[in-house]
Amino acid sequence: MYNGDSAMQASGSGNGQPPQAQESGLNYSEAFPALPDKVPEGPKSVAPSPWGARSTSHSARMAMTQSSQTSERLTIPYEERRFKGGEEVRFGKDGESEKSVCYAISQDTGAQIVLTQSKDRSLTLLISGKREDVKRARNAALQRLQTQASDSLDIPKEYHRFILGAKGKTKEDLEVSTATKITVPRMDDANNFVKITGPKEGIVIAREKIMQIYEEQSKRAAERLNIPRIFHPFICGPNNAYLDRLRQKSGVSINVPPPSAMKDEISISGEREPVAFVKNELLRMTSELSNTTKEITVEVPRAQHRYVQGPRGNHLHEILEKTGVWVELPFQDTDSDSVHLRGNPANFGEALKMVFNKANSVVKVELKAPSWIHKYMIGKGGEKVRELGNRFPEVHVNFVVEEDKIVIEGPPRDVEEVRKILEAESKTLVSTLAVSEVKVDDKYMKHIIGKSGSNVSRLKDELGVQIRSSDANRPNVLVIEGPKNSVAEAVKALQERLSKMENERSKDIIIDRALHKLIIGQKGERIREIRDKFKETNVAFPESKENSDVVTIRGPKEEVDKCYKHLEKLVKDLAASNFRLEVPIFKDMHRTIIGKGGATIRKIRDETDTKIDLPAENADSDVITITGKKENAEKAKEMILKIQNELANAVEVKVSIPSKLHPNLIGAKGRTISGVIQECGNVQITLPQSGSGLDEITIRGPKADAEKAKQLLEKIAHDRELSSFTAEIPAKQEYHKYIVGANRGNINRLRERYNVRIAIPSSVQEEKDTIVVIGRKEDVEKAKVDIERTLQELHNTVDDSVDIPVKYHKNFTARRAEEIRHIQEETGNVSITFPRMGEENEKVLLRGPQEAVDAAKRMLLQRVADWESYITIEVDIPPQYYGNIMGPKGARVMDVSDEFDVHIKFPERKDNRANNNNNAAHVNGEQPAPAEGTNGEAPKEVITVTGRPEDCEAAKQALLDLVPVVEEMPVPFEYHSSIIGKAGASIRKLMDEFKVNINIPNSAEQSDVIKIRGLRRNVDEAKEGLAARVKELDKLKEERALRNFRVEMRVEPKYHFQLIGQRGVEVNKLRNEFQVELQFPRSDAAAEDADKIVIVGLESQAQAARDKIQAIIEAEKSKSRVEVPLDSRIHARIIGGKGAALKRLEDRFKVKINFPRRDDEDANVVTVVGDEENVYDCEAELKRLEDIYLDDVVENETLRAYHSPATAAGRQDARQNHNGAATAAGQSGSGFVVKGAPWEQNLEEFPTLNRQSSDAGSGNSVPAASAAVSNSRWGAPR
């Protein structure tokens, strides 16, 4: 084997001279390397070989890559197998059951299971597949194939919740990992034993883990301290700072009740020693506070209390942090104005100053404005409101649509400015715009709107108005808004359209849906003709999804009647000519019925004037469809059947099978009857219509196939009769629901256990008290015994009652009787009957087994006791935040309600509430005192929470936590575009990540303030995320400034190509090496800039790149340059495919060879650049190659001459010249030479070979040597 360079060197020239490369030859040890005697010790390595070697990187990568597939072997001893047969049974009936179990597990998990049985009758399963699938399959196999053991652990009741975990997660994970079933007794059960059922090894592991949980939890302790609640804020510290530090230091849980709970008890839980430390610390703090804390009371108007409190009590914590004084506000359900301050008396002055500053910092003003102009005042995309927000950032504007007002809240001076602006804009809008309503009858609404809203859209475009539906309560009212003149024109146009439609009439005609497409015609041609004929009518077909046969004709009365008669006649004609008949014909007969070139089928069509459709050749159907008039279709059917009977020699066989068994013959989706047809050579089987009561089945086909089909049908019917044994069980109708069970659980269990069908009569059947069981006789008898035993237990049912106050009845029956259903599921479906609504009867009836009735009675009374302890508290949250609190479809408020087991009620909307209030603004946001009697202030809108006291407080805090906040964050304006990202991608990612709304000001505002709106915790996280992003941008800005250092240098243009390289290779190397940008002058640059190169990047990198370029130029200047004249015809040969040959030359002589460009004057001059010695060596090689390749060029030109027109003499001369050149080429050269071979080194062992090779190397013409060359396996040199 030899490489490309050797091949080039071994090629002879056309003039008979030996190639220069043969003087050096190929070394034998390099061409044929010796194999090692043994594998070297140590790490394996692959020695380089000229023959090439396969890289080991692939195997290394494979070793590093872990497969996602795994296999696991599971062995079940014979003693532990669930399915055991007799001594002689191997894989009989029981083996088949094990196979079916494995197949079901494989289907459920996706793992592959191979089942084998050893000589000791143990069962071995090889489970393969994905790791998770194998794990699930192993657990399922242990549970279903191995006998299950059981064990019990006596665990005190208070530790059961730790075994269950949150929502039963711990218990569920333990069951999955150990393939066991763990049963934890209910809280009302006196039993403490936790039961474990499953394989023995799984039980051992589960037992250890449960005991581990028990031992860990038993080491924990809990304490309850009665500390006066007035000291709780000081113990917690500002924003719970002191309490969090204590929790972090000790690692225990400290629960301080909220102020609204009115409790003194603080609970501590955790490890024993940290709990004792925290207890002592809290008692020490309490002792110090008792000695130093004093209290004063000041009066602050109640309306200003929420400004003192701040969002989520932030202002209170701010005062506590700065002064060490806690400010306590009265509860919301009281009318007190008193505010209590507690703390060090020395700090009361500063605290009072902060309290009054907070109280007078915000005012609230209301401005009347019709709701329909609100959107114009808000602006497109909230533009106008956003502009107001930027001018007055501390002012909050709320548009109350329901009450036709605008609420402005903020600092007094700013609020007054905003009120004037909004009031002026409101007056302008009311004077220039108008709104009007048009009432439209429901039956005309879709015609007024038009298809896809086309009519309304046209009016909008023409008149420049907005037309919309009023609301869900008034769907038949259209609201028109816009300029006054345009609104009047739009109203006039709509009323004219309505008037015209009221004078029209419509008439419905029933047309089979199958004929709708025929009436419409291809591309609507036929219906277009009808509409052209009756131009004033409109024929409307139902949408395809409506599945309706009603076609509506609308227009003037006379035209509608004419169109109706026309359609009646058209439908009759279409129905008569579209009678459809299906004929089953043997599949192999279809070609004969078609005939050669379709002649037969065409003849039938022409004679009967019908349309005949055959199924596709690769289709499973053998039915031929005939369409046309009925008599013509019947005639076509007879002609087709006649052809089949003549060719197939078919017979008709009839078999009588009871009609009740016909569905079993057909099978699910016709699979059974299809299997019989395929097995019997595609015979035709015709069953009587369902419900006809006929038993006779017709089989048509070849005689043998028809008889075989008859036998198969009789066998299927016989087998089905054996499995149709019936037993009737008398059972009272009131017992039926207990037999069925909740969610049909009992009856499904019976069906699966005994493999029978159980029919429960409905209330409308005659035999209401009889249950029918159908199946094999032995299975039916077993199921009958089980059902009769259940009925006997039901006979022991007792009736009882319990008194429940009437006011709690609705609590049980609310939400589709959810409470009653829960009690029934817990007690085994005890019948619970409440009195009818409106009856003053407290007696609730219970019916069922004695134990179940007693349990249901206890649960009912316990639920009443819970409700009697319920309280209702109010949560004051502004109505504009209700949507945030509720969340999508009320999800958030439902989560709070479910988590704390409370009922949350939002205030109802009252549209006329604003009409009873005084709309005048009050100074400093103060409201007038409520008047006595009926003239008092309207009830305040609050959210009510009902439930247990501690749950209500926790739920209240959770609701307050859902109120969104708006915070501002300074971000340099130059970073805004980077934060927004391309097409807003970056800011959307931030908003999705932190679940907030980020408002970035317009670029025209040049503002550095970004507003973040959302839940408090989300806003804080978003601010942290934005701060981190700003730091990144600051760092990038610094790096960008450093990377813009600029260096200019002058380089002669003749060296630019050496710096750029072929296709920019060299300049890209410089850019990547120094991480700089290199800018070369353009071709059209001015003369003074033609030699200027600019380097941009880090200062050190740019200077290093400049030094490197100078070194390259100096090196280029020191090199020798020689111009070599070479015939341009051979340039391509020297360059080679994709420059491969040229690159080998440059690498060999370590020079740079530049060929002339197209626009150079002399196309035959090649420039060689490099060290002087290498340049001249390369010049010699180029001249040598020129001699070789020029001969080839001459030869090719001679060959082309042969193909050109010439005389006979000329062709003969050319042929002689060609043969002579070939002979000379064949006689020269000595072939492929290898030096350093064994026969050259050992003359005694290879005397003849050595002599021949030496002669060949010296160029002597020895006959033996010539023969050796000519017979060489390499062939004669070319």
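Here the structure is shown first, and the text comes after it.
Heads up: these notes are all about the structure in this document. This structure is a prediction, so every number in the text was calculated from the model and none was measured. (Residues numbered from 1 in each chain as written. Predicted model: local features only at pLDDT ≥ 70, side-chain atom pairs only at ≥ 80, totals over all residues. Heavy atoms only, no water.)

Take the packing of aromatic side chains next. Summed over all chains, the structure comprises four aromatic pairs. With a centroid separation of 5.2 Å and an interplanar angle of 80°, the aromatic rings of Tyr159 and Tyr214 are classed as edge-to-face. Placement of Tyr159 in the loop between β5 (149-154) and α6 (160-164) and of Tyr214 in helix α8 (residues 200-218) is noted, with a sequence separation of 55 residues between them. With a centroid separation of 5.2 Å and 35° between ring planes, the pair formed by Phe812 and Phe834 is classed as tilted. Residue Phe812 is found in helix α33 (residues 809-827), and its partner Phe834 is found in the loop between β33 (831-833) and β34 (843-848); the two are separated by 22 residues along the sequence. (Phe/Tyr/Trp six-rings, centres within 6.5 Å; stacked < 30°, edge-to-face > 60°. Helix = DSSP H or I, 4+ residues; strand = E, 2+ residues; numbered from the N terminus.)

A contiguous patch of negative charge on the surface is contributed by Glu299, Asp333, Asp335, Asp337 and Glu874. Mapped onto the elements of the fold, Glu299 is located in strand β11 (residues 294-299). Glu299 sits in the exposed class, given a relative accessible area of 53%. (Patch = residues over 30% accessible without salt bridge, like charges linked within 9 Å, V, L, I, M, F, W, Y side chains within 5 Å. Areas by Shrake-Rupley, 256 points an atom, 1.4 Å probe, with all protein chains shown as cover. Salt bridge = Lys/Arg side-chain N within 4 Å of Asp/Glu carboxyl O. Lys, Arg positive; Asp, Glu negative; His and termini not counted. Charge placed at Lys NZ, Arg CZ, Asp CG, Glu CD. Buried < 20%, exposed > 50% of the residue type's maximum accessible area, 1.4 Å probe, protein only.)

With that out of the way, let us pick up the packing of helix α42 (residues 1065-1074) against helix α43 (residues 1099-1118). At a minimum axis distance of 10 Å, the contact between α42 and α43 shows a crossing angle of 145°. Relative to α43, the crossing made by α42 is right-handed. Contact residues: α42 offers Leu1070, Glu1073 and Phe1074, while α43 offers Gln1101, Ala1104, Ala1105, Lys1108, Ile1109 and Ile1112. Here the residues of the contact of α42 with α43 sort into six nonpolar, one polar and two charged. (Axes fitted to C-alpha atoms, helices over the stretch in contact; angles between N-to-C directions. Left-handed = near helix turned anticlockwise from the far one by under 90°. Contact = heavy atoms within 4.5 Å. Nonpolar A, V, L, I, M, F, W, Y, C, P; charged D, E, K, R; others polar.)

The next point concerns the sheet that holds strand β18 (residues 466-471). In space, the three strands of this open sheet follow the order β17-β19-β18, with antiparallel pairing throughout. Two strands bound the open sheet, and with one partner strand each, they are β17 (433-439) and β18. Geometrically, the sheet is characterised by an average inter-axis angle of 30° between neighbouring strands, direction not taken into account. Sheet topology note: the β17/strand β19 (residues 474-483) ladder contains seven bridges and is antiparallel. Looking at the pairing, Val438 lines up with Leu478 of β19. Docked against the sheet, helix α17 (residues 412-432) engages β17 and β19, running at close to 50° with respect to β17. (Pairing = 2+ DSSP bridges.)

Before going further, it helps to examine helix α10 (residues 241-250). All of the buried residues in α10 are Leu243, Leu246 and Ser250. The buried side chains of α10 occupy one side of the element, clustering within an arc of 65° when seen end-on. Turned more than 90 degrees away from the buried face of α10, the exposed residues are Arg245, Gln248 and Lys249. Next to the buried residues of α10 lie α9 (232-236), β9 (253-255) and α11 (272-292). Backbone geometry just after α10 places Gly251 at a positive phi near 75°. (Arc of directions from axis to C-beta.)

Here the focus is the side chain of Glu481. Tracing the backbone through its elements, the reader meets Glu481 in strand β19. Here Lys375 takes part through its side chain, which lies 2.9 Å from a polar atom of the side chain of Glu481. Polar contacts involving the side chain of Glu481 include one to the side chain of Tyr376, which spans 3.4 Å. Among residues more than four places away in sequence, those in contact with Glu481 are Trp372, Lys375, Tyr376, Ala434, Val435, Val465, Gln466, Arg468 and Val487. (Polar contact = N/O pair within 3.5 Å; in protein donor to acceptor, adjacent residues only side chain to side chain.)

Interhelical geometry of helix α16 (residues 383-391) versus α17 gives an angle of 160° and a closest axis separation of 12 Å. In terms of their interaxial angle, α16 and α17 are classed as roughly antiparallel. Regarding α16 and α17, the two cross each other, and that crossing is right-handed. Counting all contacts with α16, which are made through Lys384, Leu388 and Arg391, the residues of α17 involved are Val418, Ile421, Leu422 and Glu425. Considering only residue class, the contact of α16 with α17 consists of four nonpolar, no polar and three charged. (Parallel < 35°, antiparallel > 145°, perpendicular 65-115°, else oblique.)

The subject of this paragraph is the sheet that holds strand β23 (residues 579-584). What the three strands build is an open sheet, ordered β23-β25-β24; its pairing is antiparallel. In this open sheet, the two edge strands, each paired with only one partner strand, are β23 and β24 (611-613). On average, adjacent strands in this sheet sit at an angle of 20° to one another, irrespective of strand direction. Two strands pair when backbone bridges link them, and β24 and strand β25 (residues 623-628) are joined in this way by three bridges, in the antiparallel orientation. Bridging across to β25, Lys611 finds its partner in Thr627.

Turning next to the pattern of salt bridges. This model, assessed by the stated rule, comprises 54 salt bridges. Note that Glu778 and Arg776 form a salt bridge whose closest N and O atoms lie 3.8 Å from each other. By relative accessible area, which is 43% here, Arg776 ends up partly exposed. Counted as one network, the salt bridges with shared partners bring together Arg229, Glu295, Glu328 and Arg342.

Honestly, it's all geometry; don't read function into it.
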